[in-house]
Structures are given as C-alpha cells and as structure tokens.
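# Examining the three-dimensional arrangement
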Amino acid sequence: MKIFRVLNNNAVSIIGENEREQIVCGPGIAFQKKKGDEIDETKINKKFVIQNDAMNQKFQQLLADIPLKHIEVADDIISYAKTHIGKRLNESLIISLTDHIYTSLRRFQEGIELKNALIWDIKRFYKDEFDVGLEALAIIEKQFNVRLPKDEAAFIANHIVNAELDSSVDDISEMTKLMQEISNIVKYFFKIELNEESVYHYRFITHIKFFAQRVLTKSQYGEEGDGLLQILEIKYPNAFQCVKRIETYIASHYNYQVSDEEKSYLIIHIERLVYKNT
C-alpha cells in the first residue's frame, strides 16, 4: 500500500478501489514517509472513504488542523449512532462532528459553557438523536477525561439530525419550531395532551421531522391524485379537518403547498396518534 499524499504523521491518503482516494490513519503511520513510500498496514486503525470530492478535501484539511484522536472519537460516535438509530447518515457528519468536539473541548478548557436554548425541544422531538448525544458525552469523557454538560448532547444531536436529512436545512431551530407548531395544532384541535412516550407519538414526530424539512427546503413528496385522500376524508373526518388546518397554516406562514399524498400520510399518523393516545 503506497502513499499518495502525506496529510500528517498519523494520516495519509492512498488510491484505493475504483481509483478513488482514501484516507488511512494510525499512530506514526507517515513518520518520515513521503509520497510513493510503502506504509505499515499493521498501523492502520481507521480508514475513511469519502465519495464527495469537495467533502474529501475538507476532511483532509481537518486532518491537518485537528489531532487524530478527535477524529477517531467522532468516528466512534458515528458508528454508535448508525447502530442505535439505524438510519443512513451523510458522510459530511465526520467533518462537522469532529470540528464540534474539538471546539467544545477547547471552550470547556477555557471555562466557556454554551447553553442550548432548544435542549428540551431536542429531547422531545429527537429522542434517539439526543440519546446518541448522551452516549457521545460518555465516549468523550472516556477518551479525554472531560465531562461536557448535557447541552452539548443536544448540540451533537443537531449534527446527527442534519446528517439524517437528504438535503441541508441551515437552521435546525427553524425545523424544530415548525414541528412544535404542527404538534400544537393537533393538540389544540383535539383538545388533548399527547402521550409522548407512545410508539404512535414517536412515529408521528419522525414523520413531521422530515415533513418540516421538505417545507423549509420547498421540496415536494409524492404524487397527486391517487384517490387515497378522498377515502381518508370520509373514513377519518376529524383527522382530515386537522390536516386542513395544518395545510392552511403552512400555506400562509411558509408559502408551501402540501401535496395530497403528504396530507394522506399526515391524516393516518394523526388518526393513530390521537385515538391511540394512551
């Protein structure tokens, strides 16, 4: 295995399968090495394959600026997140999460503690991601002997949520605000408090998370006119009227037209949420 580019003493790039550049890391793997030299493969403990060329360049710059240990910790957290959440995560997460861990630890050492104003909403709407954030704090503490505050778990959860989405939402607080607005419409329409521990609430929140993303990025979901909405209007009239209220609110506040298929999914989730709210 020959070096294509030396990034630092602990990281090099190689040309791997399909003639794509790959990053391999390990303590001292590139010490006194140069391009074209063979590397000791027994020293490799991490390998990164980033398909997007622009992201690959950013990652290489990150390796030049941030100690390898922070990248390894971020990778361990991502591995845990993939297992715990079971969703595809954008490959850019290794960059944003590494940078966040590095800057968070530096802030902590300087006595600067950031409060996350959305921590309670994040715990509510992104429970799985917040759980990953808590586990991340434990991983960070084990590796750096520093216990970061719970607010950092919420910040890490934000990075996980961003990595789950197919396209970028610049401000997670906006997405969370919209989710809260939709949830409130349901509560006030049916005059109930929702059981946030139920599986139906979990499924509802998961759906409106991606629905909110589509609203904010002005992207549509599904096709129009398969007739399902007309059937659901008759079968679940209350949920249908609730969705009409959501549709009106989103049209006036976000200038977004909700598709019939999206309305159908919302009706089904709201019907289950409300009438199995135990």
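Here's a quick rundown of the structure. The structure presented is a predicted model; accordingly, all values stated were derived computationally and were not measured.

### A short note on the side chain of glutamate 72
Tracing the sequence through the fold places glutamate 72 in helix α2 (residues 68–85). Although glutamate 72 is buried, it makes no salt bridge; lysine 46 carries the closest opposite charge, 6.6 Å away. Once residues lying within four places of it in the same chain are set aside, the contact partners of glutamate 72 are Asn45 and Lys46.

### Some remarks on unusual backbone geometry
Of note in the backbone geometry, lysine 191 takes a positive phi value of approximately 55° without being a glycine. Topologically, lysine 191 is positioned in the loop between α7 (172–190) and α8 (199–217).

### Observations regarding the side chain of histidine 201
Take histidine 201: it is sitting in helix α8. Excluding residues that lie within four positions of it along the chain, histidine 201 makes contacts with Leu194, Asn195, Glu196 and Leu273.

### So, the packing of aromatic side chains
One pass over the full model with this rule turns up 3 aromatic pairs. With a centroid separation of 5.0 Å and 65° between ring planes, the pair formed by phenylalanine 48 and phenylalanine 59 is classed as edge-to-face. Highlighted residues: phenylalanine 48 in strand β4 (residues 46–48) and phenylalanine 59 in helix α1 (residues 53–65), separated in sequence by 11 residues. Side by side, phenylalanine 48 and phenylalanine 59 carry an identical accessibility label, which is buried. Chaining the aromatic ring pairs together yields one cluster made of Phe189, Phe190 and Tyr275. One cation-aromatic arrangement involves lysine 69 over phenylalanine 144; the distance from NZ or CZ to the ring centre is 4.9 Å.

### Considerations on the environment of tyrosine 200
Relative to the helices and strands, tyrosine 200 resides in helix α8. In the structure, tyrosine 200 is positioned 179 residues away from glutamate 21 in sequence and 44 Å away in space, judged by C-alpha atoms. With residues near it in sequence (within four places) discarded, tyrosine 200 still touches Arg272, Leu273 and Lys276.

### Some remarks on the pattern of salt bridges
Applying the stated rule across the entire model yields 16 salt bridges. When the shortest N-O distance is used, the salt bridge between lysine 244 and glutamate 247 registers 3.5 Å. Here the residue lysine 244 and the residue glutamate 247 both occupy positions in helix α10 (residues 237–254), the gap between them amounting to 3 residues, near one helical turn. Judged by relative accessible area, which is 35%, lysine 244 ranks as partly exposed. One network of salt bridges, in which partners are shared, links Lys87, Glu129, Glu164 and Lys209.

### Description of the layout of surface pockets
If you add up the space inside the largest pocket, you get close to 280 Å³. Along the walls of the largest pocket sit 17 residues, with Lys123, Arg124, Lys127, Glu196 and Tyr202 positioned nearest its centre. Looking at the lining of the largest pocket, the elements that each hand over two or more residues are α4 (119–125), α5 (127–144) and α8. Sorting elements by how many residues they give to the lining of the largest pocket places α8 first, with 5 residues. Of the residues that constitute the lining of the largest pocket, the class distribution is 5 nonpolar, 3 polar and 9 charged. Considering only enclosed or pocket space, the second largest pocket measures out at about 220 Å³ in volume. Lining of the second largest pocket is provided by Lys47, Phe48, Val49, Ile50, Asp75, Ile78, Lys82, Leu89, Asn90, Glu91, Leu93 and Ile94. Breaking the lining of the second largest pocket down by element, the ones donating at least two residues are β4, α2 and α3 (93–109). Residue classes in the lining of the second largest pocket are distributed as 7 nonpolar, 1 polar and 4 charged.

Scoring rules and cut-offs
- Residues numbered from 1 in each chain as written.
- Predicted model: local features only at pLDDT ≥ 70, side-chain atom pairs only at ≥ 80, totals over all residues.
- Heavy atoms only, no water.
- Helix = DSSP H or I, 4+ residues; strand = E, 2+ residues; numbered from the N terminus.
- Buried < 20%, exposed > 50% of the residue type's maximum accessible area, 1.4 Å probe, protein only.
- Lys, Arg positive; Asp, Glu negative; His and termini not counted.
- Salt bridge = Lys/Arg side-chain N within 4 Å of Asp/Glu carboxyl O.
- Contact = heavy atoms within 4.5 Å.
- Phe/Tyr/Trp six-rings, centres within 6.5 Å; stacked < 30°, edge-to-face > 60°.
- Lys NZ or Arg CZ within 6 Å of the ring centre and 35° of its normal.
- 1 Å grid on protein atoms, 1.4 Å probe; cavity = no way out; pocket = protein on both sides within 12 Å on 5 of 7 lines; lining within 4 Å.
- Points joined across faces, edges and corners; volume = space filled by probe spheres on them.
- Nonpolar A, V, L, I, M, F, W, Y, C, P; charged D, E, K, R; others polar.

Geometric descriptors of this kind do not, in isolation, establish any biological role.
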